[in-house]
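Fold and geometry: a report
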Amino acid sequence: MHMTKIGFLSFGHWRDVPGSRVRSARESLVQAIDLAVAAEEVGVDGAYFRVHHFAPQQAAPFPLLSAIAARTSRIEIGTGVIDMRYENPLYMAEEAAATDLISGGRLQLGVSRGSPETALAGYRSFGYVPESDDENGADLARDHTAVFRRAIAGEPMANANPQMTGAVGSLAITPQSDTLSERIWWGAGTRATAEWTAEQGMNLMSSTLLTEDTGVPFDQLQAEQIERFRSTWREMGWEREPRVSVSRSIIPIIDDESRHYFGVRAQVEGQDQVGHLDGGLARFGRSYIGEPEQLVAELAADQAVRDADTVLVTVPNQLGVEFNARLLAAVKDVFTEVDAAPAAV
């Protein structure tokens, strides 16, 4: 039986407002660590974090992921996604390898061009200016990713100083973590970028929106994206099996608290939305909110969920650790039944 890996994806919000159980940056970080520990205890497979700059959310993933690595032993740790326009690729290679070594090889890094952000071209303030014909920095993100991937693969990145090393030659970034190269994921928003991801030999991370719309339901469009990714992967002749994750908003109504916060929203958010994003049409996937038995049937009929090996569940982190730990335990139970359900014809 196909066993779907379940991870949580936290946006790491904090706000000092009534109802929020995450009032400060410190609370957001400490609760993120505690939630990862609790998630591991209930059998969840991954702890993933969105990375946003110039916003009250998680911005620096490696200290957080390292702290989680030190407190856990099994759960995968990762990002969804790091905006590579902001990154110094060599510094990031050092940080990523160190984090991966602390975790014993559990790091799963999602990278991409990122999503619409609060700052106007904020990566320029970080010192990274795209070429004049690279309007939104997509080429910059891909260039940074290519350098980062060469660095974590151990390619030479600098010339040795003979006065220090006693030899002429070149130097790789240290530390190195041997299999980290196989655990880099690209966040793809279209079918074409999924094919490009396969050509590069990266795993595929697909979120709750696609920046294109063909008129078919979201799960079918995403399933086509996954099939194109896997088909291209086979054509490239890569030796390892790639991984594919999709993100979903899933809220099992299991008690008065979950009903209080999400019961009414089930009627509004239980269908796809089509809107405008970055100057074009985008299709946003529906939320899954309801009684567990209902969610089993609905998720078993979600073609992309069935096709992916990993589902990242977006969590309402401002409701605190206990609420989200209960939510994740319920989602894990739902997927035990989804995995056992016969595939929809």
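A quick note: this is a predicted structure, and the numbers were derived from the prediction, not measured.

1. Considering the overall build of the protein
For the protein, the helix and strand inventory stands at 13 helices and 14 strands. Against the 2.2 N^0.38 benchmark of 20 Å for 345 residues, the protein shows a C-alpha radius of gyration of 20 Å, consistent with a compact globule. Dimensions along the principal axes, computed over C-alpha positions, put the protein at roughly 70 × 45 × 40 Å. Among the 345 residues that make up the protein, the fraction classed as buried is 51%. Taking the intrachain contacts of the protein between residues at least 6 apart in sequence as the baseline, contacts between residues at least 24 apart amount to 72%. Accessible area for the protein stands at about 15800 Å²; split by element, carbon and sulfur atoms hold 52% of it. Side chains of the protein carry 30 positive and 48 negative charges; the gap between the two charge centres is 2 Å.

2. Concerning the nonpolar core
Among soluble globular proteins, nonpolar side chains are generally buried collectively. Residues Phe8, Leu109, Phe148, Ile250, Leu299 and Phe335 are the most contacted members of the largest nonpolar core, which totals 73 residues. Looking at this core element by element, the count peaks at nine residues for helix H13 (residues 321–340). Those residues in contact with Phe148, other than ones at most four positions away along the chain, are Met84, Pro89, Met92, Ala93, Ala96, Leu109 and Ile184. By size, the runner-up hydrophobic cluster in this structure holds six residues, among which are Val81, Trp185, Met205 and Leu312.

3. Some words on the layout of surface pockets
When its volume is computed, the second largest pocket comes out at roughly 220 Å³. As for the second largest pocket, its lining consists of 14 residues, of which Ala59, Ala60, Pro61, Glu87 and Tyr91 are closest to the centre. Of all elements in the fold, only helix H2 (61–71) and helix H3 (89–103) reach the threshold of two or more residues within the lining of the second largest pocket.

4. A few points about unusual backbone geometry
For the bond from Gly80 to Val81, the omega torsion is 0°, close enough to zero to count as cis. Locating Val81 in the fold gives a position in strand S3 (residues 76–83). Positive phi is not limited to glycine here, since Phe54 has a value of about 55°. As for its placement among the helices and strands, Phe54 is situated in the loop between strand S2 (46–49) and H2. On the basis of relative accessibility, which here comes to 47%, the residue Phe54 falls in the partly exposed class. Positive phi is not limited to glycine here, since Ala121 has a value of about 45°. Locating Ala121 in the fold gives a position in the loop between strand S4 (107–112) and helix H4 (122–125).

5. Overview of H3
Here H3 contains 15 residues, and its C-alpha end-to-end distance of 21 Å stays within 8% of the 21 Å for a straight helix at 1.5 Å per residue. Here H3 has its buried residues at Pro89, Met92, Ala93, Ala96, Ala97, Thr99, Asp100 and Ser103. All buried residues of H3 fall inside an arc of 165° around its axis, so they share one side. Those residues of H3 hidden inside the fold are in contact with H2, S3, S4 and helix H5 (138–152). Where H3 begins, the capping side chain belongs to Asn88, and its oxygen is found 3.1 Å from the backbone nitrogen of Leu90. Once H3 ends, the next one or two residues include Gly104, with phi positive near 75°.

6. Here we look at the environment of Leu35
Tracing the chain through its elements places Leu35 in helix H1 (residues 25–41). Note on Leu35: relative accessible area 5%, which makes it buried. Through-space distance from the C-alpha of Leu35 to that of Ile102 is 19 Å; in sequence the pair is 67 residues apart.

Conventions used here
- Residues numbered from 1 in each chain as written.
- Predicted model: local features only at pLDDT ≥ 70, side-chain atom pairs only at ≥ 80, totals over all residues.
- Heavy atoms only, no water.
- Helix = DSSP H or I, 4+ residues; strand = E, 2+ residues; numbered from the N terminus.
- Rg over C-alpha atoms; globule rule 2.2 N^0.38 Å.
- Buried < 20%, exposed > 50% of the residue type's maximum accessible area, 1.4 Å probe, protein only.
- Contact = heavy atoms within 4.5 Å.
- Areas by Shrake-Rupley, 256 points an atom, 1.4 Å probe, with all protein chains shown as cover.
- Lys, Arg positive; Asp, Glu negative; His and termini not counted.
- Charge placed at Lys NZ, Arg CZ, Asp CG, Glu CD.
- Core = buried A, V, L, I, M, F, W, Y, C linked by side-chain atoms within 4.5 Å.
- 1 Å grid on protein atoms, 1.4 Å probe; cavity = no way out; pocket = protein on both sides within 12 Å on 5 of 7 lines; lining within 4 Å.
- Points joined across faces, edges and corners; volume = space filled by probe spheres on them.
- Expected span 1.5 Å × (residues − 1).
- Arc of directions from axis to C-beta.
- Polar contact = N/O pair within 3.5 Å; in protein donor to acceptor, adjacent residues only side chain to side chain.

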